[in-house]
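# A structural walkthrough
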Amino acid sequence: DPRIQNPNEVLVEIMAVGICGSDISLLHGGNAAATYPRIPGHEMTGRIQAVGSAVTKVKAGDRVIVEPIRYCGTCHACKRGRFNACRYLEVISVHADGGFCEYFVCPETEVHLLPDSISYELATAIEPCTIGEQANARGDVREGDTVLVHGAGPIGLVIVDVAKRIGARVIVSEPSEIRRAAALEFGADFVINPLHEDLKS
């Protein structure tokens, strides 16, 4: 069992973990950045079981979601709030062990309180949802824009959902009939099969 080693750490009992495509890639040795052996799983939620002596943000019994990156907080990128570009960045389940386990220890900065209104299972989708939010933010999507989404997998569907909430018109290019139908359910205005339809027309 993992143990708290530092005063700023928390012990989390893992309650649910999402299975990401990157976890499958890791399993098959397809992630060139990964170090092995490695426990996968970065979309994790749980309940705080114990806290170190310096922890102030959470307490035993709190429901949390675990952030999937580890950063120093002091480098140039971190000082500007770009923690994902940290000079010493560690990605959970790539450079450090992930949540496919019963218990997980991490600094308190990596856990965020989870409202009782969100189940542990549903909360595992929060991390993928942030990718859809970020894609729209980086694309500067605004009301009235037309957005083209290539692929209606989980991330593509989140991008569709966010773009529609912003007020954009969304076109989805996806070869799978099932995923095209899902894109329409998520609010896509148009869907095309790129294997049989010309995207330009």
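The following paragraphs examine the structure supplied in this document. None of these values were measured; they are calculated from a predicted model. (Residues numbered from 1 in each chain as written. Predicted model: local features only at pLDDT ≥ 70, side-chain atom pairs only at ≥ 80, totals over all residues. Heavy atoms only, no water.)

## Some details on the environment of F186
Inspection of the secondary structure assignment puts F186 in the loop between α6 (177-185) and β10 (190-192). In the structure, F186 is positioned 85 residues away from C101 in sequence and 33 Å away in space, judged by C-alpha atoms. Not counting residues within four places of it along the chain, the set of residues in contact with F186 comprises L157, V160, D161 and K164. (Helix = DSSP H or I, 4+ residues; strand = E, 2+ residues; numbered from the N terminus. Contact = heavy atoms within 4.5 Å.)

## Overview of the sheet that holds strand β8 (residues 146-150)
Strands belonging to one sheet form pairs held by backbone hydrogen bonds; the direction of such a pair is parallel or antiparallel. Pairing is parallel across the open sheet formed by three strands, whose spatial order is β8-β9-β10. Pairing within the sheet leaves two strands with one partner each, and these edge strands are β8 and β10. Taken over all neighbouring pairs, the strand axes of this sheet differ in orientation by 20 degrees on average, direction set aside. The strands that helix α5 (residues 154-166) touches are β8 and β9 (169-173); relative to β9, the one it contacts most, it runs at about 165 degrees. (Pairing = 2+ DSSP bridges. Axes fitted to C-alpha atoms, helices over the stretch in contact; angles between N-to-C directions.)

## Concerning the pattern of salt bridges
Overall, the coordinates contain nine salt bridges when judged by the stated rule. What emerges from the salt-bridge pattern is a single network uniting E133, D161 and R165. (Salt bridge = Lys/Arg side-chain N within 4 Å of Asp/Glu carboxyl O.)

## What about a nonpolar patch on the surface?
Taken together, I19, I24, I39 and F100 make up a surface patch of nonpolar side chains, about 360 Å² in accessible area. Following the sequence through the fold, I19 ends up in the loop between β1 (9-18) and α1 (21-27). (Patch = residues over 30% accessible without salt bridge, like charges linked within 9 Å, V, L, I, M, F, W, Y side chains within 5 Å. Areas by Shrake-Rupley, 256 points an atom, 1.4 Å probe, with all protein chains shown as cover.)

## Things to note about the pairing of β9
Regular strands place their side chains on alternate faces of the sheet. When β8 meets β9, the two strands line up parallel, connected through five bridges. Of the residues in β9, the one forming a bridge with H150 is S173. With respect to chirality, the unit in which β8 leads through α5 into the neighbouring parallel β9 is right-handed. Here three bridges tie β9 to β10, and the two strands are oriented parallel to one another. Paired with V172 across the bridge in β10 is V191. The β-α-β motif built from β9, the intervening α6 and the parallel element β10 has right-handed crossover chirality. (Right-handed = clockwise from strand over helix to strand, strands pointing away.)

## Quick look at the environment of D62
Summarising the element assignment, D62 is placed in the loop between β2 (43-51) and β3 (63-66). For D62 and A137, which are 75 residues apart along the polypeptide, the C-alpha to C-alpha distance reads 31 Å. Among the polar contacts listed, one links the side chain of D62 to the backbone nitrogen of K59, at a separation of 2.9 Å. (Polar contact = N/O pair within 3.5 Å; in protein donor to acceptor, adjacent residues only side chain to side chain.)

## What about the side chain of E67?
By secondary structure assignment, the location of E67 is in the loop between β3 and β4 (69-70). For the buried E67, no salt bridge is present, and the opposite-charge side chain at shortest range is K57, 6.8 Å distant. There is a polar contact of 2.9 Å between the side chain of E67 and the side chain of H112. Once you skip the residues sitting within four places of it in the chain, E67 turns out to touch I92, T109, E110 and H112. (Buried < 20%, exposed > 50% of the residue type's maximum accessible area, 1.4 Å probe, protein only. Lys, Arg positive; Asp, Glu negative; His and termini not counted.)

## Thoughts on the sheet that holds strand β6 (residues 103-107)
Read across the sheet, five strands follow the order β6-β1-β2-β3-β7 without closing on themselves; strand pairing throughout is antiparallel. Among the strands making up the open sheet, the edge pair consists of β6 and β7 (111-113). Across the sheet, the mean angle from the axis of one strand to that of its neighbour is 45 degrees, orientation sign disregarded. Bridge count between β2 and β3: three bridges; the pairing is antiparallel.

Don't take any of this as a statement about function, it's just geometry.
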